[in-house]
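# Notes for the structure review
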Amino acid sequence: GAVVSQHPSRVICKSGTSVKIECRSLDFQATTMFWYRQFPKQSLMLMATSNEGSKATYEQGVEKDKFLINHASLTLSTLTVTSAHPEDSSFYICSATGPRGGEQYFGPGTRLTVT
Amino acid sequence: GDSVTQMEGPVTLSEEAFLTINCTYTATGYPSLFWYVQYPGEGLQLLLKATKADDKGSNKGFEATYRKETTSFHLEKGSVQVSDSAVYFCARTTSGTYKYIFGTGTRLKVLA
């Protein structure tokens, strides 16, 4: 149980285009989802926290107009990187918690490369 | 504030050696503590966890004990294998939220 999937696993896009990454909880209702970014050989940096049906809360320094997060249902959250640039290339990981909060369950990650 | 400090890597060991990766946390609130493992190109996998003082988490030969008196959660394994080569992250919950704080990660390389 407690499986989180992400799609796509890898994506390459051209500079200036937008990319959408999906995060799904497969066997539980995810009231809260988190989006992280990980640069090579570095730790995870929390970008934002999203709760179903409400606006995401972004961490300091994260541009909310560039990284659009939508948590429209209890099993799906999306991260859209708008007008992507090469510096947005990174590994993006989502996680989710159930109705009682507590432990986060992590997705397998999405590697974004912007050319 | 809440934080996690993890030993710097990389750690290089021979197969069957004893492993310790140190992790300490700030003593704010009553956090749950976790160790995650990340294999190359993959996401995070929960290795073990402990939710209160003196709890011992264990999995796949790895162990860590929640030590409140030393604010530590060191990861240990008695005999490492080449397949244990990965990056290990220590993490804690934050006070009053569901957010996690991660350590910087420790890269382990096990040589045959």
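All of the points below concern the structure found in this document. (Residues numbered from 1 in each chain as written. Chains lettered and ligands numbered in written order. Predicted model: local features only at pLDDT ≥ 70, side-chain atom pairs only at ≥ 80, totals over all residues. Heavy atoms only, no water.)

A tally of helices and strands in chain B yields zero helices and twelve strands. Order of helices (α) and strands (β) in chain B, N terminus to C terminus: β-β-β-β-β-β-β-β-β-β-β-β. The C-alpha atoms of chain B give 13 Å as radius of gyration, which agrees with the globular expectation for 112 residues (13 Å, within 12%). Buried positions account for 44% of the 112 residues belonging to chain B. For chain B, the proportion of contacts with a sequence separation of at least 24, taken over those separated by at least 6, is 55%. Carbon and sulfur atoms make up 50% of the accessible area of chain B, which amounts to about 5400 Å² in all. Once the 11 positive and 11 negative side-chain charges of chain B are each reduced to a mean point, those two points are 6 Å apart. (Helix = DSSP H or I, 4+ residues; strand = E, 2+ residues; numbered from the N terminus. Rg over C-alpha atoms; globule rule 2.2 N^0.38 Å. Buried < 20%, exposed > 50% of the residue type's maximum accessible area, 1.4 Å probe, protein only. Contact = heavy atoms within 4.5 Å. Areas by Shrake-Rupley, 256 points an atom, 1.4 Å probe, with all protein chains shown as cover. Lys, Arg positive; Asp, Glu negative; His and termini not counted. Charge placed at Lys NZ, Arg CZ, Asp CG, Glu CD.)

Turning next to the state of the cysteines. Tallying each qualifying case throughout the model produces two disulfides over all chains. Note that Cys23 of chain A is cross-linked by a disulfide to Cys94 of chain A, the S-S spacing being 2.0 Å. Across the S-S bond linking Cys23 of chain A and Cys94 of chain A, the dihedral sits near 80°, which makes this disulfide right-handed. Within this pair, whereas Cys23 of chain A is found in strand 3 (residues 19-25), its partner Cys94 of chain A is found in strand 9 (residues 90-97), the two being separated by 71 residues in sequence. The residues Cys23 of chain A and Cys94 of chain A share a single accessibility class, namely buried. There is a disulfide in this structure between Cys23 of chain B and Cys90 of chain B, and the S-S distance comes to 1.9 Å. Judged by the sign of its S-S torsion, about -65°, the bond between Cys23 of chain B and Cys90 of chain B is left-handed. In this pair, Cys23 of chain B sits in strand 4 (residues 23-25) while Cys90 of chain B sits in strand 10 (residues 86-93), placing the two residues 67 residues apart along the sequence. We classify Cys90 of chain B as buried; its relative accessible area is 0%. Here Cys13 of chain A stays unpaired: no disulfide links it, and the sulfur of Cys94 of chain A, its closest cysteine neighbor, is 18 Å away. (Disulfide = S-S within 2.5 Å.)

A few words on the packing of aromatic side chains. The final tally for this structure, using the stated rule, is 15 aromatic pairs over all chains. Aromatic side chains Phe106 of chain A and Tyr36 of chain B sit 5.0 Å apart centroid to centroid with 75° between the ring planes, which places their arrangement in the edge-to-face category. In this pair, Phe106 of chain A sits in strand 10 (residues 105-106) while Tyr36 of chain B sits in strand 5 (residues 33-38), so the two residues belong to two different chains. What makes Phe106 of chain A buried here is its relative accessible area of 11%. Taken together through their ring pairs, the aromatic side chains of Tyr36 and Phe106 of chain A together with Phe34, Tyr36, Phe89, Tyr100 and Phe102 of chain B make up a single cluster. (Phe/Tyr/Trp six-rings, centres within 6.5 Å; stacked < 30°, edge-to-face > 60°.)

Chain B puts 17 residues into the contact, and the matching count from chain A is 21 residues. Here chain B meets chain A over a buried area of about 1400 Å², counting both sides, of which 55% is carbon and sulfur. The largest per-residue losses of area from chain B upon contact with chain A belong to Tyr98, Lys99 and Tyr100 of chain B, which jointly make up 38% of the total buried on that side. Our count for the contact surface shared by chain B and chain A stands at two salt bridges. Salt-bridge contacts for Lys49 of chain B lead to Glu103 of chain A; the nearest nitrogen and oxygen are separated by 2.5 Å. When residues of the side of chain B that touches chain A are traced back to their parent elements, those giving at least two are strand 5, strand 6 (44-50) and strand 11 (100-102) of chain B. Here the side of chain B that touches chain A is built from residues that sort into eight nonpolar, five polar and four charged. (Buried area = accessible area lost by both parts, 1.4 Å probe. Salt bridge = Lys/Arg side-chain N within 4 Å of Asp/Glu carboxyl O. Nonpolar A, V, L, I, M, F, W, Y, C, P; charged D, E, K, R; others polar.)

All names here are of chain B. With antiparallel pairing, four strands are arranged side by side in an open sheet as 3-9-8-7. This sheet does not close on itself; its edge strands, each paired only once, are strand 3 (19-21) and strand 7 (56-59). The mean inter-strand angle of the sheet, taken between neighbouring strand axes irrespective of direction, is 15°. When strand 8 (residues 62-65) meets strand 9 (residues 75-77), the two strands line up antiparallel, connected through two bridges. Bridged to Glu63 within strand 9 is Glu76. (Pairing = 2+ DSSP bridges. Axes fitted to C-alpha atoms, helices over the stretch in contact; angles between N-to-C directions.)

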